[in-house]
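# Reading the structure
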Amino acid sequence: MAPLFPLALALTAGILMFGAVSSLWWICVPLAAAVTALFLRRTYYAILLLSVATGFVAAALRMPPGIPDSLMEQSAVYSGVVTEHREYEGAQMMIVRIDSCDGQRINGFLSKCLVPSVIPQTDETDRIRFSTTFSPLASETDLPEEIDYNAHLRRMGVTAEAIVVSDSIISITAEPGFIHDIRRLRRPLQHLISTIPVSEGTRSFLLATLTGDREWLAPSTRTLFSSTGIAHILALSGLHVGVITALLLVLLMPLSGIRGGRYGRLVITILALWIFAILTGLSPSVVRAVIMATMFAVCTMLQRVWSPLNALSAAAIVIMLVTPSAIYSLGFILSFSAVLSIILFADALNPVSPVYRTARNSVGYLSVTVAAMLGTGVVCIYYFHTFPVYFLITNVAVSLMLPPLLGLGIILVLLNALGVNALWLGQICDFIYNLIDSSAHFISSLPGALIDNIWCPGWIVWIYCLLIALCALYLRWRRTAILAAIAMIMVGATVIFIISTPDYCDSEVFITRSHTETTMLIKEGHNLYSYTTARAGAENEIIARDEARYRNYMVRRGIRSITPLADRTYGEHTARGGNMILAGGKSYVFIHNNSHVHEYGIRPDYAVVCRGFRGDITDVATLVAPDSILISSDLNLRRHDRYVRELTAGSIPHRSLRHTPYHSVSFCRSHNISLFL
């Protein structure tokens, strides 16, 4: 019933193999093994090994080329198509496929472009022409286990980055093409949704769930839904595609009465689903659902048996052959693991006999939810370090309320496009959304609703996947040996986890890299303190940013939050007096304006020169008299380079933090804190 499933696994192995090795010669390994299998007349194994080789070749061929060395760090006028666009407060981030330099065609490469302004407004499928200087897409991590936001982009083929000043943007035009024309329909659709007669919360929810643009949602809403285990309803998935499919089939029901209308109804539905997939950006979860729906329609028209596992495998094969790097995306992992787990375990977890169809279908809501969590729970723990305890309650409730909300929302948009203002329908949508929102708030307020700060190593995820596979085999074959293997693996993993838990230093000091401010993070035991040179009132924003960025570091060490290091702080090993800080057995003076340059009662270990200082760098060496000067990364590049040249010429000990962060691990030594302050 699922001959494509082993082929999909083999193809995945080939893509992962390419990502793990650095030489194309490794393709000889699966090819040689396939030839050996054919010689031994093991045709099936030869086919699987050739599938591994196919995945390896597909990943190699689909790997986007890097930026030519001749263009690196060279100012030029580039042109390319925006493939991804995100807007932040006062800035835009674009992924641009560059195909032209100074008017000459070049081998296309993907680049990350940051525009520190919301003007001019750009969008996906726009061709943008601008002047800038590209540099390699670096991995700028300052703390151990820090979330590297560029790692995902590198896996997707982005090789260069640049800051594009708004004044350097020469032109923005619409890129022609059928696919691009469909993608541009998202803006009119968003305009239609934004004018329907519903409340602000319902409107934002429909914008996110019908167009795939989660930027419309308030951060508090995303946090609430995540903490209650229903964040998946905010991302386009098979559930949304299923609702749209059901609505289309109902609207097209009159076609069933005419000759050939039954097949025409299915064809129109599938075409509409593919248009929806293109319009929303061809995310792996939507493409997976649309491919499965397409296979179901084809099987129905050809009167063939439809196998969900075979359809899921076909969807995976298509996506991996077209975009092999998609297997590294979180959307691909969650979507396929959830559906695969439902296929393997939902029926087995349902305790009601198939004889009692109504009762079995009702209990099926519970078994499907549990099965989906079996497939995705450990992945969510690995990425988000949280686990919603009452996920079963919220998911069952939402699964009953979401289909009518989405269906009525689509009807409301269609009526709005026809000029019909159905206020009563909007009130029903508001009522359903308020039920979902109030249910989420109630569940989140229950004691122990969320287990957070869970650390899960990567190898645990692989062990868990192996256990899930063994459980599926046991349900099929009912062998005692499989149960014994499961028990042995669980015991072994537990022992290894306990033994491999590392010991961490009690005292660590970091000075992180940023282009807007200089921030010091001080770890003392299970506390993490923060000192920043940012403007007054921005300290909470800096802490919120760092708590998200350094989440892995904090969870691994049992740190729940970052605490501001207030002025006149006296601790056992950490103290602050104005711009002077004692931490980790060393003393630091932060120089971010000219008034900070004066003599101190003690000689500090380091003077950190930051943005805001415009004086003579040799005055810092003479008056402050530190053992060494640290040049912060937030300084203007020209000023930074001038200070480095002057310190080098004067043989003054110094270090630049632009390319490497500051990290100090030391045993705390005693200080006279009263003299220090």
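The structure under discussion appears in the preceding block.
Residues numbered from 1 in each chain as written. Predicted model: local features only at pLDDT ≥ 70, side-chain atom pairs only at ≥ 80, totals over all residues. Heavy atoms only, no water.

Let us now look at the overall build of the chain. Secondary structure assignment for the chain yields 23 helices and 21 strands. A globule of 677 residues ought to have a C-alpha radius of gyration of about 26 Å, and the chain, at 29 Å, matches this closely. Viewed in the frame of its principal axes, the chain has a C-alpha envelope of about 90 × 65 × 60 Å. When the accessible surface of the chain is totalled, it reaches about 33,900 Å², and 63% of it is carbon and sulfur. Charge centroids of the chain, computed over 50 positive and 45 negative side chains, lie 12 Å from each other. (Helix = DSSP H or I, 4+ residues; strand = E, 2+ residues; numbered from the N terminus. Rg over C-alpha atoms; globule rule 2.2 N^0.38 Å. Areas by Shrake-Rupley, 256 points an atom, 1.4 Å probe, with all protein chains shown as cover. Lys, Arg positive; Asp, Glu negative; His and termini not counted. Charge placed at Lys NZ, Arg CZ, Asp CG, Glu CD.)

Burial runs high along strand β11 (residues 519-524): six of the six residues are buried. Going residue by residue along β11, you find T519, L521 and K523 tucked away on one face and M520, I522 and E524 tucked away on the opposite face as well. Here strand β10 (residues 507-512) runs beside β11; their pairing, made up of six bridges, is antiparallel. Within β11, the position partnered with E508 by the bridge is K523. Counted between consecutive antiparallel strands, the loop separating β10 from β11 contains six residues. In this sheet, strand β12 (residues 527-532) lies alongside β11 in antiparallel orientation, the contact comprising six bridges. Paired with E524 across the strands is N527, a residue of β12. Between the antiparallel neighbours β11 and β12 lie two residues, among them G525 with a positive phi of about 65°. (Buried < 20%, exposed > 50% of the residue type's maximum accessible area, 1.4 Å probe, protein only. Pairing = 2+ DSSP bridges.)

A word on the side chain of S628. Along the polypeptide, S628 turns up in strand β19 (residues 628-631). Here S628 falls in the buried class, since its relative accessible area comes to 15%. Ignoring any residue separated from it by four or fewer positions in sequence, one finds S628 in contact with D605, Y606, A607, P653 and H654. (Contact = heavy atoms within 4.5 Å.)

All right, on to the pairing of strand β4 (residues 126-133) then. Pairing between strand β1 (residues 75-88) and β4: seven bridges, direction antiparallel. Each residue of the ladder has a partner; that of S75, found in β4, is T133. Two elements, β4 and strand β7 (residues 169-174), share five bridges in a ladder whose sense is antiparallel. Looking at the pairing, R129 lines up with S171 of β7.

Going through the model one piece at a time under the given rule, you end up with 20 salt bridges. Linking E145 and R556 is a salt bridge whose minimum nitrogen-to-oxygen distance equals 3.7 Å. Taken together, the positions of E145 in the loop between β5 (135-136) and α4 (149-155) and R556 in helix α20 (residues 551-556) put the pair 411 residues apart, joining distant regions of the chain. Among the charged side chains, a salt-bridge network with shared partners connects D99, R105, R127 and E175. (Salt bridge = Lys/Arg side-chain N within 4 Å of Asp/Glu carboxyl O.)

Where helix α14 (residues 357-384) meets helix α17 (residues 458-477), the axes come as close as 10 Å, and the angle between the chain directions of the two elements is 175°. The orientation of α14 relative to α17 falls into the category roughly antiparallel. Of the residues in α17, those touching α14 at L374, V378 and Y382 are G458, V461, Y464 and I468. Tallied by class, the residues present in the contact of α14 with α17 amount to six nonpolar, one polar and no charged. (Axes fitted to C-alpha atoms, helices over the stretch in contact; angles between N-to-C directions. Parallel < 35°, antiparallel > 145°, perpendicular 65-115°, else oblique. Nonpolar A, V, L, I, M, F, W, Y, C, P; charged D, E, K, R; others polar.)

Here the focus is the sheet that holds strand β2 (residues 91-101). Spatially, seven strands are ordered β5-β6-β3-β2-β1-β4-β7 in an open sheet, and the strand pairing comes out mixed. Looking at strand neighbours, the two that pair on one side only are β5 and β7, the edges of this open sheet. With 10 bridges connecting them, β1 and β2 associate as antiparallel partners. Bridging from a neighbouring strand, V81 pairs with R97 of β2.

This paragraph deals with empty space enclosed by the protein. Considering all chains together, one arrives at one cavity of 30 Å³ or more under this definition. What the largest cavity holds in volume is close to 60 Å³. Lining the largest cavity we find D123, E124, R183, R184, R186 and R187. (1 Å grid on protein atoms, 1.4 Å probe; cavity = no way out; pocket = protein on both sides within 12 Å on 5 of 7 lines; lining within 4 Å. Points joined across faces, edges and corners; volume = space filled by probe spheres on them.)

Right, let's talk about the sheet that holds β12 for a bit. Taken together, five strands build an open sheet; the order of strands is β13-β12-β11-β10-β21 and the sheet is mixed. Looking at the sheet topology across the chains shown, the edges are occupied by β13 (562-564) and β21 (662-665). Direction aside, neighbouring strands of the sheet carry axes that sit 20° apart on average. Docked against the sheet, helix α19 (residues 539-549) engages β11, β12 and β13, running at close to 160° with respect to β13.

Further remarks concern unusual backbone geometry. Put simply, I119 and P120 share a cis peptide bond, and its omega is 0°. Positionally, P120 belongs in the loop between β3 (104-115) and β4. Unusually for a residue other than glycine, T125 sits at a positive phi of about 75°. Along the chain, the position of T125 falls in the loop between β3 and β4. With relative accessibility at 4%, the residue T125 sits in the buried group. You will see that Q303, though not glycine, has its phi angle at about 55°, which is positive. Looking at the element boundaries, Q303 is found in the loop between α11 (284-302) and α12 (308-322).

Let's shift gears to a nonpolar patch on the surface. A cluster of nonpolar side chains, L114, I163 and V165, forms an exposed patch at the surface whose accessible area comes to about 250 Å². Using a relative accessible area of 45% as the deciding quantity, one classes V165 as partly exposed. (Patch = residues over 30% accessible without salt bridge, like charges linked within 9 Å, V, L, I, M, F, W, Y side chains within 5 Å.)

Moving on, we get to the packing of α12 against helix α13 (residues 330-349). One way to put it is that α12 packs onto α13 with a least axis distance of 10 Å and a crossing angle of 165°. By the angle class used here, α12 and α13 are roughly antiparallel. Taken as a pair, α12 and α13 cross one another with a handedness that is left-handed. Along its contact with α12, which presents P308, L309, L312, A315, A316, I319 and M320, the element α13 presents F332, F336, V339, L340 and I343. Classifying every residue of the contact of α12 with α13 by side-chain character gives 12 nonpolar, no polar and no charged. (Left-handed = near helix turned anticlockwise from the far one by under 90°.)

By the definition in use, this model includes 18 aromatic pairs. Measuring from centroid to centroid gives 5.3 Å for F205 and Y433, while their planes differ by 45°, and the two rings are tilted. Of this pair, F205 sits in helix α7 (residues 200-211) while Y433 sits in helix α16 (residues 423-445), and the two are 228 residues apart along the sequence. Take F205 and Y433: they sit in the same class, and that class is buried. (Phe/Tyr/Trp six-rings, centres within 6.5 Å; stacked < 30°, edge-to-face > 60°.)

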